[in-house]
Structure formats: structure tokens, C-alpha cells
Amino acid sequence: MIRRFNYTGRKKIDRDKIKIQLNKNEGLYTSFDAQINLEDYNFPGNTAIYMEARDKSSYMRFPFGSISKQTVPDNRILSEIQSELVSFRIKLVDESNKHGLILASSEISVSMEPEPEDKSKMFILPLVHADLEDQIWKIDFREKPHLMVNKKIDLIDEFVDTPYFLGLVFPAVVRLILIQILIVDSHEYDESGFEDWQDLWIRFVNNLPGIQNRYDPEEFDTMEEKIYWIEEVVVPAFCTAYNTLKKVVEVFNGDEI
Amino acid sequence: MTEIRAFTDIGIEKFRKYLSEMKSSERIIIDDELLFDDNITYVVSAEVEIKPSMFYSKMEAAEYLFEIIQKINIEEKFYNIGLWSWLAAYYFDSVCPQTVQGQRKIGNEYRYILAKKREYRRFHRHLLAGPVRIYAYHGSNAKILLYGPLDKFGDFSEQITSRPDVVTNKGLINALNILYWDEENERPKRGAAPNKKKPGTLRRFVVDMVGQFDMNYDLYSMSGKEILNLLPSEFDKFKFN
């Protein structure tokens, strides 16, 4: 049999069908509430529903009954979860089959960080561990950009923290995200907006130290002007702000430049 | 026998200093002063006593200490830095045995002083807390993960314990036992965990197969035998030997 990743015809559950809310209580573990709306799908009534929560080092599993009889587990405390970004995976499982086939699934990342009062300081690029086959990283633009890294790599988080990743990957990440915002989405920048992730990103790069020209929709109107701003203004400013060259050279051969 | 204790913050600092001195060979043994001084340690439970032992395997240590830990009432017992660091100091000859020349090879600090819960990569590498947590999940089924001496992490531990969805999955651990555990010789089968990713071996199973199956099958609800039935023929040499 040729084994492909989705060789069983697994369906995807739209993320807007799942609402997850974290309840953080001072001095206690965080718990979660989940609203699961599967009315639009046509799965057998006895299909089991599981919600799995995981972070880089922990895993927890919560049964939510079946399609025909959804239940909510009493204990929804994320006692094992240790990091601030929790990935939830909902699984619809055919348990009548001896192998527990997954009929459908979806993954959602939720930050345990309380929403800051100053929304301009929101975390703008969550890191998510995923199966990327042979890719090391990619940007997932669903909902908002997430930096996906390949979970098959041991110590991937340590790798992300290295100057190599900073110098070789993050400038490309900034480039990709800005191309998505300004060229693919043609997003209209709202300088006072805090709701759209696009506005938060533009504000982030506009505030980079040493940025020569802040983004101005009037000034950077055509595609060429937008690409110029990304390539010649933002990415060099990002690299300067984060000392990418110096850090890479230092770890590569131990030399100062 | 002695009452089980935990380090205070100052005790942990003192243990850290001991480790540093041992690393530079200024010190060889752990003094009773470090272990029992009421100014830097405290009794966790007056009713629970532990015996001095030399543990020759992770499994032996985990079985004994799990029993002990069950009896004590202390906040977040699996994550309590003072407790596990004190236990590592108390059983130091097991976690860091002396060589025939009478020296000790001191490893990274987090092997002896439990890392904070958030330091996920280091946290599970504590030489006593790590095995006991695994034993708590799997009991005697943990034998394949807890094979070998305490001071050596081991191929199976290395590959499995850093993957939370694998290490907590009873069916998967059962499958590993069926596939790679040599009952007769009470050790992993030869060639099961080479450095390279060869057909049918541990890395191939954990890295490639589990990653792939997890997309399509709910491995958590499957038994070890059911998981084995999904494996391609490259695993037959371990399945049937």
C-alpha cells in the first residue's frame, strides 16, 4: 500500500465551527470551555469526539461524547500544559472500526497569555509544531500568520532560538507576511486599528528601530512600490534591528566583525 | 532509613555549588550536612521514610520511588524542585556513580536539579523525576523506556520521552514493548535502536510511522497490537523475532 498522509480520506473541520475559551484563574491551573458545532457535517451519530490539548512537552485528552450525544467532561483543567501557547486538536473518531479511524480533525492554537491591555503588544507570530513532511518551516496564513515548524525535528524549539534561524529564516518570514498583507490581500492599513492582524504587523515593522520610511498607503501605492518598501526598507531594517549578520558570524566562526 | 526531605531554595543553591565543586574535582562525596541540615532542607513527611540504596537501573529506582512518592502529600509532587533535587543528592551514587578511579562524571545540572516545569526540554531529563513520571504513566510496561542505568539516558528514553503524545500513550508504549523488548534477556532487542534511521527500527517507528498514523488514526484509543497491525513489512523482523 502506498502510504500518504491523508490516505484514509480524513475530512477537515472548519475552524469557525470550534470555539475555545481559556479560563485563567489566579493561582490555579487554566481550564477551557469548548463549543463544538458539527451540525453542518454528516458524520454517523456514534462518531466519538475527542479534544486533545498539547504544547511542546505535554499532552492531555478530553472526551466530548459522540455526534448524537455530545457531552462536556467535568474536568477541563489543563494541569499538564506548561507553555503559553496551547494547540487543541479536535478528532472525530470512528470507534466501530477496529483501528479507530479519524474521520475528521482540525487544529486550533490558543494563547494562554491574557490579552494585554495595550493590544499593540499582542503576540503576533505564534509558533506551532506541525507535520510538514520534509519542510523545516512554513507560514500558515489561516486566521492569522503562524510560524509552523516541523515537529519531527528533535530540539526544534532550540533551533528556532539560534542565530541561524533568526538570520536565515525570520527575514524571509517578515518578507512573506508583508507580501501577503500588502500584495496578496491588498490590505488597507488602519493606523489606529488593533483588531486586524495585518494592522498589528504593519505597526510592528513601522516601529522597528532605524526604519527609514514608515508604511504610508499614499506613498507605497503600486505593487513595485510595495515590493520596494518590503525589500529595501523593512527587511534590511529588521536585520539591522536584530543584529542578524553579527550573530550568525559569531556563532559560525567565533569571529567578531 | 531516613525521613524523606526536600531542599529549600538555599539548599538548592548549595547543591548547585556542590555540583560545581564536583565537576572541578574539588569534591567527591555528598556530605550529610547538605542532606540533613535543617537550615537548608525540611522534612516532607515524618511518616514516610526512605532507605539508602544503590539503584542499578532506571526501572528499579522508579518502582521504589513511585511507591514512596504515592505516600507523601506535597504540592505538585512530580514538579517539586526541592524534593527531586534532594532525592538526587541523597541517591547521588546511583545518579552519578564513581568511576573505578574514584572520580565522578558530572553531567548537566538539570540531570540532578529538577528544571522548572516550563523548561520542557530539560524538565524530563532529571535522572529520578523523569523515570518516576514514566513509571507513573505505564507501570511495568515502562520497562523498555526505563532499561539501563540511571546515569545513562538510553536510546529509547531519548527518542520517546521528548514526545508527549507518544510517552503518554499506553497503546504505543505497549507496541514498543511487543516490537522491541527481548523478554528472555530482559533488554531491548539487538539492533532495535541504531543511530541511523534503518528500516523497522525505533526511529523509523517513532519519527515516521507514528507521525503518519497520528494523522489518520486515533492512536490513543488503540491497543499495542492494533497499532502493530498498521505497520508495514519492514517491521516484521522485530515483530516476529
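The structure reproduced in this document is the subject of the present report. All values reported here derive from a predicted model rather than from experimental measurement. (Residues numbered from 1 in each chain as written. Chains lettered and ligands numbered in written order. Predicted model: local features only at pLDDT ≥ 70, side-chain atom pairs only at ≥ 80, totals over all residues.)

Brief notes about the interface of chain A and chain B
By a frequent convention, interface size equals the accessible area lost on bringing the separate parts together.
Argument step 1. Listed per partner, the contact involves 28 residues of chain A and 22 residues of chain B.
Argument step 2. Only strand S4 (48-54), strand S5 (59-66), strand S6 (85-94) and strand S7 (101-111) of chain A provide two or more residues apiece to the side of chain A that touches chain B.
Argument step 3. Class assignment of the residues belonging to the side of chain A that touches chain B gives a composition of eight nonpolar, eight polar and twelve charged. (Contact = placed C-beta atoms within 7 Å. Helix = DSSP H or I, 4+ residues; strand = E, 2+ residues; numbered from the N terminus. Nonpolar A, V, L, I, M, F, W, Y, C, P; charged D, E, K, R; others polar.)

A few points about the sheet that holds strand S8 (residues 127-130) of chain A
Sheet strands pair via backbone hydrogen bonds, and the direction of the pair is either parallel or antiparallel.
All names here are of chain A.
Argument step 1. Taken in spatial order, the three strands line up as S8-S10-S9 in an open sheet, and their pairing is mixed. The two strands at the open ends of the sheet, each matched to only one other strand, are S8 and strand S9 (137-140). Shown here is a sheet whose adjacent strand axes are inclined to one another by a mean of 35°, direction ignored. (Pairing = 2+ DSSP bridges. Axes fitted to C-alpha atoms, helices over the stretch in contact; angles between N-to-C directions.)

Some details on the environment of Trp137 of chain A
All names here are of chain A.
Argument step 1. Mapped onto the elements, Trp137 comes out in strand S9.
Argument step 2. With 23 residues separating them along the chain, Trp137 and Val160 place their C-alpha atoms 9.9 Å apart.
Argument step 3. In this structure Trp137 touches Leu147, Met148, Val149, Asn150 and Val169, once residues within four positions along its chain are discounted.

Some points on unusual backbone geometry
Argument step 1. The backbone of Asn243 of chain A shows a phi angle near 50°, a positive value even though the residue is not glycine.
Argument step 2. The residue Asn243 of chain A is located in the loop between helix H5 (223-241) and helix H6 (244-253) in this model.
Argument step 3. Judged by local crowding, Asn243 of chain A falls into the partly exposed class, with 13 C-beta atoms found within 10 Å.
Argument step 4. Of note in the backbone geometry, Glu186 of chain B takes a positive phi value of approximately 50° without being a glycine.
Argument step 5. Along the polypeptide, Glu186 of chain B turns up in the loop between strand S3 (181-182) and strand S4 (187-188).
Argument step 6. We classify Glu186 of chain B as exposed; it has 11 C-beta atoms within 10 Å. (Buried ≥ 20, exposed ≤ 12 C-beta atoms within 10 Å, placed from the backbone.)

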